[in-house]
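One letter stands for each residue in the lines below.
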Amino acid sequence: MLWPALRKVLPDYPDINLEITMDYALTDIVAERYDAGVRSGGLIAKDMIAVPIGPEMRGVTVASPRYLGGRKRPETPQDLTAHRCIKLHLPTYGGLPPWGYKKGAQELRVRVEGQLVFNSINPILEAALDGFGLAQLPDALVQPLLDRGDLVEVLADYSQRFPGYHLYYPSRRQPTAAFRVIVEALRYRGT
């Protein structure tokens, strides 16, 4: 998400140097002396300035046709207990968070089981493509694969929307000109 915007602006500003660190921890960017961080909009402290850098997202549950072949597709989130699910380990959420679903006003959380646990979504996607089970991933990541038929969405009626990614930084910070260039390059303007 960051690189497509940065690769367009950085050639015009060769004096701007960036260091980008990626992890899923809820790092205290002030204590760790980072200029900014990126998080889902729902996870940003109120004393931070948050700039949207992407659209609202939808969590989708997907599997490869290979995995689904010969298996009964889940019709409700509770049906996931009969399936192998590829899980995401998030220490900031106490380890293995339940998968979230919403239909109307009803919100559901399901603890899923499976053979594989990763701490990053890219290997989860690869394992789902290889037929190792169901995965819950952001729609923007899997949409091209759904369009090609490499993955199939299940439980679409239960998909939950969540705030998109935001660049955030301390409100007490006095942004430099270089920092403002980066913020504007990343700012999401809708489609």
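These remarks concern the structure in this document. (Residues numbered from 1 in each chain as written. Predicted model: local features only at pLDDT ≥ 70, side-chain atom pairs only at ≥ 80, totals over all residues. Heavy atoms only, no water.)

### Points about the overall build of the protein
- In terms of helices and strands, the protein carries 5 helices and 11 strands.
- Taken along its principal axes, the extent of the C-alpha atoms in the protein is 60 × 30 × 30 Å.
- Looking at the protein as a whole, 37% of its 191 residues qualify as buried.
- The long-range fraction of contacts in the protein, counting pairs at least 24 apart against all pairs at least 6 apart in sequence, stands at 75%. (Helix = DSSP H or I, 4+ residues; strand = E, 2+ residues; numbered from the N terminus. Buried < 20%, exposed > 50% of the residue type's maximum accessible area, 1.4 Å probe, protein only. Contact = heavy atoms within 4.5 Å.)

### A short note on the pattern of salt bridges
- All told, the structure shown has 9 salt bridges when counted by the stated rule.
- Of the charged contacts in the structure, one is a salt bridge between aspartate 47 and arginine 172, with a shortest N-O distance of 3.6 Å. Here aspartate 47 is found in the loop between strand S1 (37-40) and strand S2 (48-52), whereas its partner arginine 172 is found in the loop between strand S11 (165-170) and helix H5 (177-186), with 125 residues between them in sequence.
- Overall, the relative accessible area of 36% leaves aspartate 47 in the partly exposed class.
- Overall, arginine 172 belongs to the exposed group, its relative accessible area being 59%.
- For the salt bridge of arginine 187 with glutamate 184, the shortest nitrogen-to-oxygen distance reads 2.7 Å. (Salt bridge = Lys/Arg side-chain N within 4 Å of Asp/Glu carboxyl O.)

### Comments concerning the environment of leucine 145
- The topology assignment puts leucine 145 in helix H4 (residues 139-148).
- Overall, leucine 145 belongs to the buried group, its relative accessible area being 11%.
- Taking the C-alpha atoms as reference, leucine 145 lies 19 Å from proline 55; in sequence the two are 90 residues apart.
- Apart from residues no more than four positions distant in its own chain, leucine 145 is found in contact with Leu125, Leu129, Asp150 and Leu151.

### Some remarks on a nonpolar patch on the surface
- Where nonpolar side chains cluster on the molecular surface, the patch consists of Leu18, Ile20 and Met22 and spans about 350 Å² of accessible area.
- By the secondary structure assignment, leucine 18 is in the loop between helix H1 (2-9) and S1. (Patch = residues over 30% accessible without salt bridge, like charges linked within 9 Å, V, L, I, M, F, W, Y side chains within 5 Å. Areas by Shrake-Rupley, 256 points an atom, 1.4 Å probe, with all protein chains shown as cover.)

### Quick notes on H5
- Along H5, the positions that sit buried rather than exposed are Phe179, Val181, Ile182, Val183 and Leu186.
- Looking at the buried residues of H5, the elements they touch are H1, S2 and S11.

### Digging into H4
- Residues of H4 that are buried include every one of Asp139, Val142, Leu145 and Leu146, and no others. End-on, the buried residues of H4 take up no more than an arc of 130°, which puts them together on one face. Across from the buried face of H4, at angles greater than 90 degrees, the exposed residues are Ala140, Asp147 and Arg148.
- Where H4 is buried, its residues touch strand S3 (57-63), helix H3 (121-129), strand S8 (134-138) and strand S9 (152-154).
- Two residues or fewer past H4, glycine 149 is found with a positive phi of approximately 90°. (Arc of directions from axis to C-beta.)

### Looking at the nonpolar core
- Counting residues in each nonpolar core, the largest one holds 15 residues, and the members touching the most others are Leu80, Trp99, Tyr101 and Leu134.
- If you list the elements that add at least two residues to this core, you get helix H2 (65-68), strand S5 (99-103), strand S6 (106-110) and S9.
- Excluding residues within four positions of it along the chain, tyrosine 101 makes contact with Thr61, Pro77, Leu80, Gln106, Glu107, Leu108, Arg109, Val110, Gln136, Leu155, Tyr158 and Gln160. (Core = buried A, V, L, I, M, F, W, Y, C linked by side-chain atoms within 4.5 Å.)

### A few points about the packing of H1 against H5
- Packing of H1 against H5 leaves a shortest axis separation of 9 Å and a crossing angle of 125°. Accordingly, the angle class assigned to the pair H1 and H5 is oblique. As for how H1 packs across H5, the hand of that crossing is right-handed. Mapping the contact onto sequence places Leu2, Ala5, Leu6 and Val9 in H1 and Val181, Ile182, Ala185 and Leu186 in H5.
- Class assignment of the residues belonging to the contact of H1 with H5 gives a composition of 8 nonpolar, no polar and no charged. (Axes fitted to C-alpha atoms, helices over the stretch in contact; angles between N-to-C directions. Parallel < 35°, antiparallel > 145°, perpendicular 65-115°, else oblique. Left-handed = near helix turned anticlockwise from the far one by under 90°. Nonpolar A, V, L, I, M, F, W, Y, C, P; charged D, E, K, R; others polar.)

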